[in-house]
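The chain contents come next:
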Amino acid sequence: MAEFILALDQGTTSSRAILFDHDGNVRASAGQEFKQYYPQPGWVEHDAEEIWQSQLAVTQRALAAARARLEDIAAIGITNQRETVLLWDRATGKPAYHAIVWQCRRTAAMCDRIRREGFDRTLRDKTGLVTDAYFSGTKIAWLLENVPGARERAERGELACGTIDTWLISKLTRGLVHATDVSNASRTLLFNINSLDWDDEILSYFGVPRKLLPEVKSSSEVLGEAALFGGTAPIAGVAGDQQASLFGHQCFRRGNVKNTYGTGCFLLMNTGSDVPRSESGLVSTVAWRRAGATTYALEGSVFIAGAAVQWLRDEVGLIKDAGESEKMALAVPDTGGVYFVPAFVGLGAPHWDAYARGTIVGLTRGSNRNHLVRAALESMAYQTRAVVDCMAADSGIRPEALRVDGGAARNNFLCQFQADILGIAVERPATSESTALGAAYLGGLATGFWKDEPELGRQFKIARRFEPSMSASRREELYAGWRRAVERAKGWAT
Ligand code: ADP
C-alpha cells in the first residue's frame, strides 16, 4: 500500500516538495529558489518554465531522500502562490509570456478605471474581492491586450490560461488536464463565488473568452494522473496557499481562524457554508470545496508584519537577527507609551490607505531600543486584532482561539502579547508545515488515505497554547493607544 502523500508547495520565491506519512509527519522535503524578474518599477514576473523545472527537481530530491517511487505516493496535493497567472500554448505547452506575479502593480491604472466606471461593485458582489491589481483578472486582460497575437490565439482556442496550480497540473499530466480548484478560481476576479462558475458578465467586461479558462474542480478530488519519472500518481488535492494553510491548521469549523506571520500577516476565518459579506474591508473567498460541500472564508491581509522586524535589523541596525527581538522586548515591562505603525507601503485591511506611511509616536527621553523593538512586535498583534475584530463583526462569530504559523510566530513574546491583546488563546501547532499539510490532507482525503476530519484531528498536536493574562481594561487602554497612532499614520503621503 502507498505510504506517502506528496505535497507540492509552489511559493512566490521557492518551490518545495514534502512527503507526509499517514500520521502527518514530514518524512522528506526539498526546496529550491527560482528567479524573480523586475522588468519595470512595480512589475514582478516569473518564468513558468523555471517554476516547473524547480518543482520537478525538488520532487525528485524529496522522493530520493525517502527512497520512494511514484508507486509509493497515494496522492499528490498542490498548494501554490495565489493570483499569479499565465498563458500558454495548448499544443506545445510553452508559456506565451512570463507569469504575472500577484505582487505586480502593472494593472493599477486599469483598476482605477474599473472603479470610475462603477464596475467594482459588481465585482465585489459576484467575486467577493476588492478591485485591485493583486487579483488575476486584470492581469489576464493585460496579457491578452499586450502579448502579440494573444487575443487572436485565445479566440481560436490555441491558448490556455491558468494560475500556478493549473500550470502545474497541466505539466504533471502532459497537457491532458486543464483544471483549477474553487479556492484558486475565487482569487481571479472572474469567478462567481455564489454560483461557483466563471461569470459571463465579468468575462465579457474583461474580454476573456471562456474557453481560455480551466475547468473548475473541487479542492479534494482526483483530477488527473501525474506522469513522472516513469510512474504515475493521482493529483487529488489543490488549494491556494492561504486556504491550504487554513485546512492544514485544521480550521474545519465555522469561526476557526488562522494567522500566518511572515513578511505580512494573512488571516483567514472559516465562515462555513454561507458566503460571507464584509462591511469592513475584508475579502470573501472560497476556502475549499470537498465532499460536495463548499466552505467559505473571510480574509484580511496586513502588508507589513515580520518585515518591520527585518527593517529594524537591515535598515536601522537595531538588532542582529530577528530572534533577538524576543529577549529585547521582554527586557522592558512595556513600550513606555511608544507605538510603531509600520505602514511602509500604506495600510491593508481594514484601513486600505495607500497613502499611510510608517510612524513612530509617543517617544520620550526615556525611550530606548528595547521599547522600539517591543513596539515593532506589538504592532503585529495590534494589526491582527484589527482584522479579527472585523471578522467578528462581519460574521457575528467571536473566535475561541487563533492558530498561528509563519516565521514570526516562533516569537513567544509575540504569541503571548497577541493572546493578551485579543483576549483569546493563541495556539501554535507542532508542525510548521501547515500549508503543505493542508494540500496533503485534501489529497489524502480524496483518495481514502485518510478517512475524515475526525481522523485527522486525532493526529493534530498543539505545541504551545498561550492563554490571555492581561486585564480587559489594560488591553483596551493599550489598543485605544494603537488606534490613535494609526490615525497619525494615515494619509501622510498625499
Ligand atoms: P515569508 O514567507 O513571508 O518570507 P516567513 O514565514 O519566512 O516569511 O517569516 C519571515 C519573517 O518573520 C521575517 O520578516 C522576519 O523578520 C520575521 N521573523 C522571523 N523570526 C522572527 C522572530 N523570532 N521574531 C520576530 N520576527 C521574526
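Structure's up top.
Here goes a summary of the coordinates provided. Everything numeric in this text was worked out from a predicted model, so none of it was measured.

Close contacts around the ligand come from 15 residues, with Thr263, Gly306, Ala307, Gly407 and Asn411 the closest. A distance of 3.3 Å separates an oxygen atom of the ligand from a polar atom in the backbone of Ala307. One of the backbone nitrogen or oxygen atoms of Ala408 is found 3.5 Å away from an oxygen atom of the ligand. The element contributing the most residues to the shell around the ligand is helix 10 (residues 306-316), with four residues. Per-class residue counts for the shell around the ligand are five nonpolar, nine polar and one charged.

Moving on, we get to the nonpolar core. Counting 59 residues, the largest nonpolar core has Tyr261 and Leu402 as the members making the most contacts within it. Ranked by residues supplied to this core, first place goes to helix 12 (residues 369-395) with twelve residues. By size, the runner-up hydrophobic cluster in this structure holds 41 residues, among which are Leu129, Cys161, Trp198 and Leu213.

Burial runs high along strand 5 (residues 73-80): eight of the eight residues are buried. The pairing of strand 1 (residues 4-10) with strand 5 spans seven bridges and is classified as parallel. Paired with Asp9 across the two strands is Thr79, which belongs to strand 5. In this sheet, strand 14 (residues 231-240) lies alongside strand 5 in parallel orientation, the contact comprising five bridges. When the sheet's bridge partners are listed, Asn80 is paired in strand 14 with Gly240.

Within the structure shown, the criterion is met by 22 aromatic pairs. Seen in terms of ring centroids, Trp43 and Trp142 are 5.6 Å apart; in terms of plane orientation they differ by 85 degrees. Their pairing is edge-to-face. Placement of the pair is Trp43 in the loop between strand 3 (26-33) and strand 4 (45-46) and Trp142 in helix 4 (residues 136-146), with a sequence separation of 99 residues. Classification of Trp43 by relative accessible area gives buried; the value is 16%. In this structure Trp142 comes out as buried when scored by relative accessible area, which is 13%. Each ring, one from Phe413 and one from Phe417, has its centre 5.8 Å from the other, and the planes form 20 degrees; the classification is stacked. In this pair, Phe413 and Phe417 are both assigned in helix 13 (residues 412-422), four residues apart and thus about one turn of the helix distant. For the pair shown, Phe413 and Phe417 are each scored as buried. Members of the aromatic cluster, joined through ring pairs, are Phe247, Phe252, Trp288, Tyr441, Phe449 and Trp450. Over the ring of Tyr479 we find Arg385; its NZ or CZ atom is 4.0 Å from the centre of that ring.

A few words on a nonpolar patch on the surface. Together, Phe303, Val345 and Trp352 make up a nonpolar patch on the protein surface, roughly 280 Å² of accessible area in all. Structurally, Phe303 is set in the loop between strand 18 (293-302) and helix 10. Phe303 sits in the partly exposed class, given a relative accessible area of 35%.

This part is about helix 6 (residues 164-172). Because an α-helix packs 3.6 residues into every turn, residues spaced three or four apart end up facing the same way. In terms of burial, helix 6 is largely enclosed, as nine of its nine residues are buried. Count one or two residues on from helix 6 and you reach Arg174, which has phi positive near 55 degrees.

Attention now moves to the sheet that holds strand 13 (residues 220-228). Strand order in the open sheet made by the six strands is 3-2-1-5-14-13, with mixed pairing throughout. Strands with a single pairing partner mark the edges of an open sheet, and in this sheet they are strand 3 and strand 13. Neighbour to neighbour, the strand axes of the sheet diverge by 25 degrees on average, direction disregarded. Two strands pair when backbone bridges link them, and strand 13 and strand 14 are joined in this way by six bridges, in the antiparallel orientation. Counterpart to Gly224 in the pairing with strand 14 is Ile235. Strands strand 1, strand 5, strand 13 and strand 14 of the sheet are contacted by helix 6, whose axis makes an angle of about 145 degrees with strand 5. Packing against the sheet, helix 9 (residues 241-248) makes contact with strand 5 and strand 14, and its axis sits at approximately 95 degrees to strand 14.

How each quantity is defined
- Residues numbered from 1 in each chain as written.
- Predicted model: local features only at pLDDT ≥ 70, side-chain atom pairs only at ≥ 80, totals over all residues.
- Heavy atoms only, no water.
- Near = heavy atom within 4 Å.
- Polar contact = N/O pair within 3.5 Å; in protein donor to acceptor, adjacent residues only side chain to side chain.
- Helix = DSSP H or I, 4+ residues; strand = E, 2+ residues; numbered from the N terminus.
- Nonpolar A, V, L, I, M, F, W, Y, C, P; charged D, E, K, R; others polar.
- Core = buried A, V, L, I, M, F, W, Y, C linked by side-chain atoms within 4.5 Å.
- Buried < 20%, exposed > 50% of the residue type's maximum accessible area, 1.4 Å probe, protein only.
- Pairing = 2+ DSSP bridges.
- Phe/Tyr/Trp six-rings, centres within 6.5 Å; stacked < 30°, edge-to-face > 60°.
- Lys NZ or Arg CZ within 6 Å of the ring centre and 35° of its normal.
- Patch = residues over 30% accessible without salt bridge, like charges linked within 9 Å, V, L, I, M, F, W, Y side chains within 5 Å.
- Areas by Shrake-Rupley, 256 points an atom, 1.4 Å probe, with all protein chains shown as cover.
- Salt bridge = Lys/Arg side-chain N within 4 Å of Asp/Glu carboxyl O.
- Axes fitted to C-alpha atoms, helices over the stretch in contact; angles between N-to-C directions.
- Contact = heavy atoms within 4.5 Å.

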